[in-house]
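Here are the chains, one letter per residue:
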Amino acid sequence: MNVYRPEERRLVLRLMAYWDDLRGARTYPPAAEIDPNAIGDDWPNCGVLVLGQPLQRSTFEYVGAELLGHAGQLAPQTTLAEVPESVLLSPALSYLDRLLQKQVPISLGGEAKLEQGPALYRSILLPLSSDGATIDKVLIAANHRLVTADASGDAPDGGLGAHAS
Amino acid sequence: MTGDVAFEVHAFNAGKWKIQGFFDDKELALSEARRMEEGRRYPAVRVVEERYDAQAGGYRSRTVYRSSAVDAENDVALNERAQVRREVQEQRQTRGTASAREPKPPRSAALVYTAIAAKALLIFAFGFGAIYALNQLAGN
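A brief report on the enclosed structure follows.

Reading the values: the criteria
- Residues numbered from 1 in each chain as written.
- Chains lettered and ligands numbered in written order.
- Predicted model: local features only at pLDDT ≥ 70, side-chain atom pairs only at ≥ 80, totals over all residues.
- Heavy atoms only, no water.
- Helix = DSSP H or I, 4+ residues; strand = E, 2+ residues; numbered from the N terminus.
- Buried < 20%, exposed > 50% of the residue type's maximum accessible area, 1.4 Å probe, protein only.
- Contact = heavy atoms within 4.5 Å.
- Areas by Shrake-Rupley, 256 points an atom, 1.4 Å probe, with all protein chains shown as cover.
- Pairing = 2+ DSSP bridges.
- Axes fitted to C-alpha atoms, helices over the stretch in contact; angles between N-to-C directions.
- Buried area = accessible area lost by both parts, 1.4 Å probe.
- Salt bridge = Lys/Arg side-chain N within 4 Å of Asp/Glu carboxyl O.
- Polar contact = N/O pair within 3.5 Å; in protein donor to acceptor, adjacent residues only side chain to side chain.
- Nonpolar A, V, L, I, M, F, W, Y, C, P; charged D, E, K, R; others polar.

1. A look at the overall build of chain A
Then step 1. Across its full length, chain A holds six helices and five strands.
Then step 2. Counted from the first residue to the last, chain A has its helices and strands arranged as α-α-β-β-α-α-α-β-β-β-α.
Then step 3. Split into buried and exposed, the 165 residues of chain A put 52% on the buried side.
Then step 4. A separation threshold of at least 6 residues defines the contact pool for chain A, and within that pool the share at least 24 residues apart is 52%.
Then step 5. Only carbon and sulfur atoms are counted for the fraction: they give 48% of the accessible area of chain A, which is about 7400 Å².

2. Re the sheet that holds strand E1 (residues 5-13) of chain B
Then step 1. In spatial order, the strands read E2(A)-E1(A)-E5(A)-E4(A)-E3(A)-E2(B)-E1(B)-E3(B)-E4(B); together these nine strands make up an open sheet with mixed pairing. On the outer flanks of this sheet lie strand E2 (59-63) of chain A together with strand E4 (58-68) of chain B, each paired with one strand and no other. Across this sheet, the average inter-strand angle for adjacent strands is 25°, counted without regard to direction.
Then step 2. Here strand E3 (residues 106-114) of chain A pairs with strand E2 (residues 16-23) of chain B via two bridges, running parallel. In the strand pairing of E2 of chain B, Ser107 of chain A is matched with Phe23 of chain B.

3. Considerations on the interface of chain A and chain B
Then step 1. Each partner contributes residues to the interface: chain A has 25 residues there, and chain B has 17 residues.
Then step 2. With both chains or domains summed, chain A and chain B bury close to 1700 Å², and 52% of this area falls on carbon and sulfur atoms.
Then step 3. Between the two partners, chain A and chain B, sit four salt bridges.
Then step 4. The residue Lys102 of chain A makes a salt bridge to Glu8 of chain B at a minimum N-O spacing of 3.4 Å.
Then step 5. Run the count over chain A and chain B and you get 12 residue pairs in polar contact (both at pLDDT 80 or more).
Then step 6. Elements with a minimum of two residues in the side of chain A that touches chain B: helix H1 (11-23), helix H5 (96-102) and E3 of chain A.
Then step 7. When grouped by side-chain class, the residues that make up the side of chain A that touches chain B number 10 nonpolar, six polar and nine charged.

4. Focus on the side chain of Ser58 of chain A
Residue and element names in this part refer to chain A.
Then step 1. Among the secondary structure elements, Ser58 is positioned in the loop between strand E1 (46-50) and E2.
Then step 2. Within the local environment of Ser58, its side chain forms a polar contact with the backbone oxygen of Leu55, the two atoms lying 2.6 Å apart.
Then step 3. Setting aside its immediate chain neighbours within four residues, Ser58 contacts Leu49, Val50, Leu51, Gly52, Thr78, Thr79 and Leu80.

The following block contains the structure:
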């Protein structure tokens with residue numbers, strides 16, 4: 001498996017470690033320093049959101065295929081408001097306002113109704129800044145597991161990362 | 001996500017605790033705190049649980065994990081000192097010096113007073129003898 005910190009089985013913690021190493025002593029790293037090759041096989045589970053005003057008019061610099069499912073890809077200049085609710089990207093970004101409020105990485109999980117069916121997802125939002133102070137972009141990472149009829153409805157834990165590996 | 005409980009990872013730096021990450025899963029927060037601890041960028045790391053208390057109508061905070069590089073260093077130092085003390089004690093016992101360092105048994109009060117009286121008597125006798133000798137010399 002070609003990922004950052006392969007010894008870590010959870011996607012969100014791998015991305016958190018990458019983000020933390022990338023920023024070093026800075027408060028936030030800039031999006032320009034993100035290296036898809038370093039993120040490796042996790043890159044299709046990632047996305048980069050360019051924040052706009054108002055927030056719902058934010059656009060995407062990159063969205064990995066795993067975040068879009070069968071939708072494949074978003075049209076250029078698709079805004080946050082236009083993201084279909086049935087793709088993983090939508091619940092993964094549902095707490096974007098909390099990220100901007102707390103100004104630190106946030107990882108939440110929960111249930112979502114995706115186009116493939118009900119699923120448990122786990123995502124992380126990582127703040128990025130071109131000037132080191134103001135958050136202007138967000139690195140998104142998420143994965144999911146479809147819920148079968150006999151599966152527990154418990155919220156997903158970190159083990160969901162194994163799904164992506 | 002339950003919404004009732006959240007876990008914040010804090011790091012101590014420049015004299016204050018600062019939030020570094022926010023999780024709804026305790027195991028994720030603990031894992032991240034341990035990773036930060038291993039990175040040794042911060043002298044201390046902790047995980048704070050924020051749980052909603054419906055009765056109080058607010059969030060209650062409690063630290064569920066705390067690790068300090070200073071604490072770890074202190075533990076190592078304490079263990080090393082304890083080890084040195086044990087080795088010294090063992091060496092003393094081997095050499096039989098432990099008994100030599102035991103305090104002398106206290107003498108009885110009567111013995112002490114007798115010794116003082118004997119010393120006083122000797123001083124008096126020496127003084128009397130000296131005066132007598134001087135008188136004899138002056139007389140000659």
